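# Residue-level structure breakdown
Okay, here's what each chain looks like letter by letter:
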Amino acid sequence: MSRLLEPGVVEGQTLTKSETIDADVCIVGSGAGGAVAAANLQAAGLKVVVLEEGGYFTQTRFRMLEREAFQNLYQEGGARTTRDASLVILQGKAVGGTTVVNWTTSFRTPGRVLSRWHDVHGVKGFGEADLAPHWDRVERRLNIAQVPLEATNPNNRLLYDGCEKLGIQVETTHRNTRNCIHSGYCGMGCPVDAKQSMLVSYLPDAVSAGATVISRCRVDRLRFHAGKAEAAECTLLDASGREPTGAGLTVRAKRFILAAGAIGTPAILLRSGAPDPNRRLGMRTFLHPVVTSMAEFPDAVNGWYGAPQSVASHHYYDRGGEVGYLLEAAPVHPGLAASALPGYGEQHRILMERLSHMAFHLALTGDGLHDDVPGGTVSLRDDGTPVVDYPVAERTWAALRHAQKVMARVQFAAGAKAVWTFHDPALRMTSEKDIDAIDALPFAAGKVAVFSAHVMGGAGMSDDPKLGVVRSEDLRHHEIENLHVLDGSVFPTGLGVNPQLSIYGLADLMSTRLASRWT
């Protein structure tokens, strides 16, 4: 038996020669989908190997420095954007995936979204009744619980107070933490292992049961023969994750699960030349486009401390025929703030000097829930790396404009002295009378800063092969007999809420279903 099949985490940069190994199940990706699947399938007695392109960073390696965290823990060093650079995409890249760096916000998939999947996209077996016991199980394992109002930091409490004064529905969120010290460094890796990410929960469960996790292992392609996946052909990367070591790895398995995320999974299938007779692969990619509103308050906010995202408002989530949105707060660490703040030179310096008194709130739009909001696409550059094209739909721009005005009202209601948009140039408002000036601002690509931290779609599920890449019964690829996809790429639409709990529930439901069949 190869040394690589022994249980544990193997750092790919330490391997000095190319090898071929065998497994029952090869899982590509160690985030919310891949880790849950690995734990359940290994517990069922199947030999699991998990391949992860990112590095293995643990509590002792988290130094709470933005310059290191973005380079080590994020795709493209935190600089991933759409092709035209009009939309910034923050996405994790490490053992544990984006769960290592997300802000712990946990929502179940809204019922209206699940209903649309069934009614419009040919999805069966994914209703609330199907998912509820799996959400229950995941929430127990990850200690997901609602945040007490008194535990919110000022950045979040200002959003809560402003909404409450205006009669806008608002609540505290649910978070996957245990013994949280509210350090505020969720986006840089939890320094005390309070965040119950895949790094400290399901991956250790899988390893304890006998799974092997290999980091710094980039899956270049899957090799197919006679309608089946035979092997994953991989390049091992150095400790920086940027250069090949010269060694390779081939993993042969009876079954393969792609869980590399909604950009990574379609990219692997495209590089592999996977059959796509209906041209669905890489289509309907969803990003939850976000705009931000910044407000200055008389008292210090210090938004870099405390639980980064503990308040949310669903008041405008369902706007009938219009695109809806969710209101949340965002942390304001200096590096991230400096890269996002509007203005240049002296203007930018003045804003940075006031950072301790600034609150940052965001509006997250739901995409894919209307026929004329189809999302974007994932394709390959000439070097085989993925690139996202995402033309923001007109109705999404209208929703972002509406949200910009609502956020300004909320912030003034909470006592703001001034409010800024993230346009170029930014609009500075000093009272509610200025808010209508937002109507004259350009909401278009490159005219206002738009962000995303949620990537979904690109390998959507549907029992109709003309609508999806995988079938909903078992998330098996329509054309490849032993290949399944268990991550957010299978979502036929965006969710309109933070997706991690939706992925956990889907992965737990499907991997337990597959485990019962495969054993």
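Refer to the structure above for everything that follows.
Heads up: these notes are all about the structure in this document. (Residues numbered from 1 in each chain as written. Predicted model: local features only at pLDDT ≥ 70, side-chain atom pairs only at ≥ 80, totals over all residues. Heavy atoms only, no water.)

Right, let's talk about the overall build of the protein for a bit. Along the protein, the regular secondary structure elements total 11 helices and 23 strands. Against the 2.2 N^0.38 benchmark of 24 Å for 519 residues, the protein shows a C-alpha radius of gyration of 22 Å, consistent with a compact globule. With the principal axes as the frame, the protein shows a C-alpha extent of 70 × 50 × 45 Å. Across the protein, the fraction of contacts at a sequence separation of at least 24, relative to all contacts at a separation of at least 6, is 74%. Looking at the protein as shown, the accessible area adds up to about 19,000 Å², and 49% of this sits on carbon and sulfur atoms. Charged side chains of the protein number 51 positive and 55 negative; the gap between the two group centres comes to 2 Å. (Helix = DSSP H or I, 4+ residues; strand = E, 2+ residues; numbered from the N terminus. Rg over C-alpha atoms; globule rule 2.2 N^0.38 Å. Contact = heavy atoms within 4.5 Å. Areas by Shrake-Rupley, 256 points an atom, 1.4 Å probe, with all protein chains shown as cover. Lys, Arg positive; Asp, Glu negative; His and termini not counted. Charge placed at Lys NZ, Arg CZ, Asp CG, Glu CD.)

Structurally, Phe62 is set in the loop between strand E3 (48-51) and helix H2 (66-73). Judged by its relative accessible area of 8%, Phe62 is buried. Phe62 sits 174 residues away from Leu236 along the chain, and the two C-alpha atoms are 23 Å apart. The contacts of Phe62, once residues within four sequence positions are left out, are Phe57, Leu73, Val100, Met188, Gly189, Cys190 and Leu199. (Buried < 20%, exposed > 50% of the residue type's maximum accessible area, 1.4 Å probe, protein only.)

The full count for this structure, using the stated rule, is 5 aromatic pairs. Between the aromatic rings of Tyr316 and Tyr325, the centroid separation amounts to 5.2 Å while the plane-to-plane angle is 15°, which identifies the pairing as stacked. We note that Tyr316, like Tyr325, is buried. Note that Arg141 overlies the ring of Tyr202, its terminal NZ or CZ placed 5.9 Å from the centroid. (Phe/Tyr/Trp six-rings, centres within 6.5 Å; stacked < 30°, edge-to-face > 60°. Lys NZ or Arg CZ within 6 Å of the ring centre and 35° of its normal.)

Glancing now at the pairing of strand E8 (residues 212-215). Taking every second residue as pointing to the same face, both faces of E8 are buried, with Thr212 and Ile214 on one and Val213 and Ser215 on the other. Where strand E1 (residues 8-11) and E8 come together, 4 bridges link them in parallel fashion. Each residue of the ladder has a partner; that of Val9, found in E8, is Val213. Both E3 and E8 contribute to a ladder of 3 bridges, which runs parallel. (Pairing = 2+ DSSP bridges.)

A separate point is the side chain of His477. In this fold, His477 is placed in the loop between strand E22 (456-457) and strand E23 (483-485). A polar contact is formed between the side chain of His477 and the backbone nitrogen of Glu479, at a distance of 2.9 Å. What His477 contacts, discounting residues up to four positions off in sequence, is Ala274, Pro275, Val469, Val470 and Leu483. (Polar contact = N/O pair within 3.5 Å; in protein donor to acceptor, adjacent residues only side chain to side chain.)

Here the focus is the packing of helix H1 (residues 32-43) against helix H11 (residues 500-518). Running from N to C, H1 and H11 cross one another at 30°; their axes reach a closest spacing of 8 Å. It follows that H1 is roughly parallel to H11 by the angle criterion. Crossing hand, H1 versus H11: right-handed. Counting all contacts with H1, which are made through Ala32, Gly33, Val36, Ala37, Asn40 and Leu41, the residues of H11 involved are Gln500, Ile503, Tyr504, Ala507, Asp508, Ser511, Thr512, Leu514, Ala515 and Trp518. Across the contact of H1 with H11, the residue classes tally to 10 nonpolar, 5 polar and 1 charged. (Axes fitted to C-alpha atoms, helices over the stretch in contact; angles between N-to-C directions. Parallel < 35°, antiparallel > 145°, perpendicular 65-115°, else oblique. Left-handed = near helix turned anticlockwise from the far one by under 90°. Nonpolar A, V, L, I, M, F, W, Y, C, P; charged D, E, K, R; others polar.)

Before going further, it helps to spend a moment on the pattern of salt bridges. When the charged atoms of two side chains with opposite charge come close together, those side chains can pair. Taken as a whole, this structure holds 28 salt bridges when the rule is applied. Measuring nitrogen to oxygen at the nearest pair gives 2.7 Å for the salt bridge that ties Arg252 to Asp22. Taken together, the residues span a long stretch of sequence, with Arg252 in strand E11 (residues 244-258) and Asp22 in strand E2 (residues 19-28) at a distance of 230 residues. Note that Asp371 and Arg116 form a salt bridge whose closest N and O atoms lie 3.0 Å from each other. Here Asp371 is found in the loop between strand E16 (358-365) and strand E17 (377-380), whereas its partner Arg116 is found in helix H3 (residues 111-121), with 255 residues between them in sequence. Judged by its relative accessible area of 19%, Arg116 is buried. In the salt-bridge network here, residues are joined through shared partners; they are Arg221, Arg223, Glu230 and Glu233. (Salt bridge = Lys/Arg side-chain N within 4 Å of Asp/Glu carboxyl O.)

Inspection of the secondary structure assignment puts Thr177 in the loop between strand E7 (174-176) and helix H6 (202-209). Thr177 sits in the buried class, given a relative accessible area of 14%. The residues contacting Thr177, other than those within four sequence positions of it, are Thr104, Leu142, Asn143, Ala194, Lys195 and Gln196.

With respect to the helices and strands, the residue Gly78 is situated in the loop between H2 and strand E4 (87-89). Along the primary structure Gly78 and Gly8 are separated by 70 residues, whereas in three dimensions their C-alpha atoms are 28 Å apart. Dropping the residues within four chain positions of it, Gly78 is found in contact with Phe70 and Leu90.

To continue, consider unusual backbone geometry. For the bond from Asp424 to Pro425, the omega torsion is 0°, close enough to zero to count as cis. For Pro425, the position within the fold is in the loop between strand E19 (418-420) and strand E20 (428-429). Not every positive phi belongs to a glycine, and Arg284 is a case in point at roughly 50°. Position of Arg284 relative to the elements: it lies in the loop between helix H7 (261-271) and strand E12 (285-286).

A few words on the pairing of strand E13 (residues 290-296). Of all 7 residues making up E13, 7 are buried, and the element is well covered by its neighbours. Neither face of E13 is open: one carries Val290, Thr292, Met294 and Glu296, the other Val291, Ser293 and Ala295, and all of them are buried. Note: E13 against E16, 7 bridges, orientation antiparallel. Note on E16: the bridge partner recorded for Val291 is Ala363. As judged from the 3 bridges shared by E13 and E19, these two strands associate in the antiparallel manner. Each residue of the ladder has a partner; that of Ala295, found in E19, is Val419.

This is a description of form; function is not addressed.
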